[in-house]
Amino acid sequence: MRIVLLGPPGAGKGTQAKMLAEKLNVPHISTGEMLRDAVAAQSDLGKRVKEIMDRGELVPDDVMVEVVKERLSQPDAKDGFILDGFPRTVAQAEALEKMLAQMKRPLDAVVELDVGEDEIIRRLSGRWVCSSCGANFHTVTRPPIEAGKCDYCGSPLIQRDDDKPEAISRRLQVYRAQTQPLIDYYRERRLLRTVNGRQGVEKTLEAISEVLGIDARS
Ligand code: AP5
């Protein structure tokens, strides 16, 4: 299946995309994660995007389209993928449509996670991320077994630079102005499936599975 997960920062896209990708045995392609890896590796791309990301702004469309095009051309994406964080602008959506048409592999669905802003702020300000494997935790809803340590690999947990209050508020503004128009874009193409993302992690996964017509328990 070729699926896009859409929603505001902190809606739970990464959390759901990981589980869905495992369930469907397709890669989870997170542009945010790819960019954070580039920043950590201090590559040319990483140096170029670090400040933009820390401010909560969007990386230019041409850069993102190239990154995604390259990633989708890899063999593991041939039989499907879960795209998380891309597209984020109408220009990116148009570029994606064009590249998938060329590959003769159109999208199956775009799942929008619907979550209000109060909940988003609560989620982002409580988020802790593993500095090594990238696993996500939350001080209240998903606390690690041992404080400050990743449950999976034992590495220290850190807060993302763009989870500081000023960056969160900028990310929300950017989402409203540049990404929200994609809801209509995909509704018009009859690909949009809206899911209540305010529920717990498991309930949200069940709701996504239902709109996609897949077995939530498999
Ligand atoms: P990106 O990494 O994509 O950030 P984002 O869209 O802001 O999304 P987040 O990763 O913050 O949140 P999420 O929705 O994945 O939620 P999560 O599952 O972590 O992008 C970062 C930056 O990179 C951008 O700002 C931009 O600069 C750049 N960028 C990336 N892609 C780009 C593009 N295409 N174009 C241009 N620039 C781009 O969950 C959040 C928290 O809530 C966690 O603590 C989690 O444990 C908790 N949680 C999750 N689900 C639930 C639930 N159901 N109930 C309770 N808690 C929950």
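This text gives an overview of the structure that appears in the document. (Residues numbered from 1 in each chain as written. Predicted model: local features only at pLDDT ≥ 70, side-chain atom pairs only at ≥ 80, totals over all residues. Heavy atoms only, no water.)

### Quick look at the sheet that holds strand S7 (residues 157-158)
Read from one edge to the other, the open sheet built from 3 strands follows the order S6-S5-S7, with strand pairing classed as antiparallel. Both edges of this open sheet fall to strand S6 (136-138) and S7, since each of them pairs with a single strand only. Judged from the 2 bridges that link them, strand S5 (residues 127-130) and S7 form a sheet pairing that is antiparallel. Its bridge partner lying in S7, Val 129 is registered against Ile 158. (Pairing = 2+ DSSP bridges. Helix = DSSP H or I, 4+ residues; strand = E, 2+ residues; numbered from the N terminus.)

### Topic: helix H9 (residues 201-212)
With 12 residues, H9 should cover 16 Å at 1.5 Å per step; its first-to-last C-alpha distance of 17 Å lies within 8% of that length. Each element contacted by the buried residues of H9 is listed here: strand S1 (2-6), helix H1 (13-24), strand S4 (109-114) and strand S8 (192-196). Residue Gly 213 follows H9 closely and has a positive phi angle near 70°. (Expected span 1.5 Å × (residues − 1). Contact = heavy atoms within 4.5 Å.)

### Quick notes on the nonpolar core
Leu 72, Leu 96, Leu 107 and Tyr 186 are the most contacted members of the largest nonpolar core, which has 30 residues in total. Broken down by secondary-structure element, the contributors of at least two residues to this core are S1, helix H3 (44-55), helix H4 (61-72), strand S3 (81-84), helix H5 (90-102) and helix H8 (181-188). If you tally residues by element for this core, the top one is H4, at 5 residues. Membership of the second largest hydrophobic core comes to 23 residues, among which are Ile 3, Ala 11, Leu 20 and Ala 21. (Core = buried A, V, L, I, M, F, W, Y, C linked by side-chain atoms within 4.5 Å. Buried < 20%, exposed > 50% of the residue type's maximum accessible area, 1.4 Å probe, protein only.)

### Remarks on the environment of Gly 116
Tracing the sequence through the fold places Gly 116 in the loop between S4 and helix H6 (117-125). A residue is classified by how much of its surface remains accessible, and Gly 116, at 33% relative accessible area, is partly exposed. Each C-alpha atom, one on Gly 116 and one on Val 211, is 20 Å from the other, the two residues being 95 residues apart in sequence.

### What about the site of the ligand?
Around the ligand lies a shell of 35 residues, among which Thr 15, Glu 57, Arg 88, Arg 127 and Arg 171 are the nearest. Measuring from an oxygen atom of the ligand, one finds a backbone N or O atom of Gly 10 at 2.9 Å. Separating an oxygen atom of the ligand from a side-chain N or O atom of Arg 160 is a distance of 3.0 Å. Taken by itself the ligand offers 1,000 Å² of open surface, and the protein chains cover 97% of this. Within the residue set of the shell around the ligand, elements represented by two or more residues are H1, helix H2 (31-40), H6, S6 and H9. For the shell around the ligand, the element with the most residues is H2, which contributes 4 residues. (Near = heavy atom within 4 Å. Polar contact = N/O pair within 3.5 Å; in protein donor to acceptor, adjacent residues only side chain to side chain. Areas by Shrake-Rupley, 256 points an atom, 1.4 Å probe, with all protein chains shown as cover.)

### With respect to the pattern of salt bridges
Scanning all chains against the criterion turns up 18 salt bridges. Its salt-bridge partner being Glu 119, residue Arg 123 comes within 2.8 Å of it at the nearest N-O pair. Taken together, the residues span about one helical turn, with Arg 123 and Glu 119 both in helix H6 at a distance of 4 residues. Note on accessibility: Arg 123 and Glu 119 belong to one class, buried. Put simply, Lys 203 and Glu 206 hold a salt bridge, and the shortest N to O gap is 4.0 Å. Note that Lys 203 and Glu 206 are positioned in helix H9 at a spacing of 3 residues, about one turn of the helix. (Salt bridge = Lys/Arg side-chain N within 4 Å of Asp/Glu carboxyl O.)

### Overview of the packing of H6 against helix H7 (residues 165-179)
The contact between H6 and H7 brings their axes to 11 Å, and the two run at 135°. What the angle tells us is that H6 and H7 run oblique. Two packed elements cross with a definite hand, and for H6 against H7 that hand is right-handed. Contacts from Glu 117, Ile 120, Ile 121, Leu 124 and Ser 125 in H6 reach Ile 168, Arg 171, Leu 172 and Arg 176 in H7. For the contact of H6 with H7, the class distribution of residues is 5 nonpolar, 1 polar and 3 charged. (Axes fitted to C-alpha atoms, helices over the stretch in contact; angles between N-to-C directions. Parallel < 35°, antiparallel > 145°, perpendicular 65-115°, else oblique. Left-handed = near helix turned anticlockwise from the far one by under 90°. Nonpolar A, V, L, I, M, F, W, Y, C, P; charged D, E, K, R; others polar.)

### Description of H8
Taken together, the buried positions of H8 are occupied by Leu 182, Ile 183, Tyr 185 and Tyr 186. The arc that holds the buried residues of H8, viewed along the axis, is 165°, so those residues lie on one side. Looking at the buried residues of H8, the elements they touch are S1, H5, S4, H7 and S8. Phi turns positive, to about 60°, at Arg 190, one or two residues after H8. (Arc of directions from axis to C-beta.)

In short, shape yes, function no, at least from these values alone.
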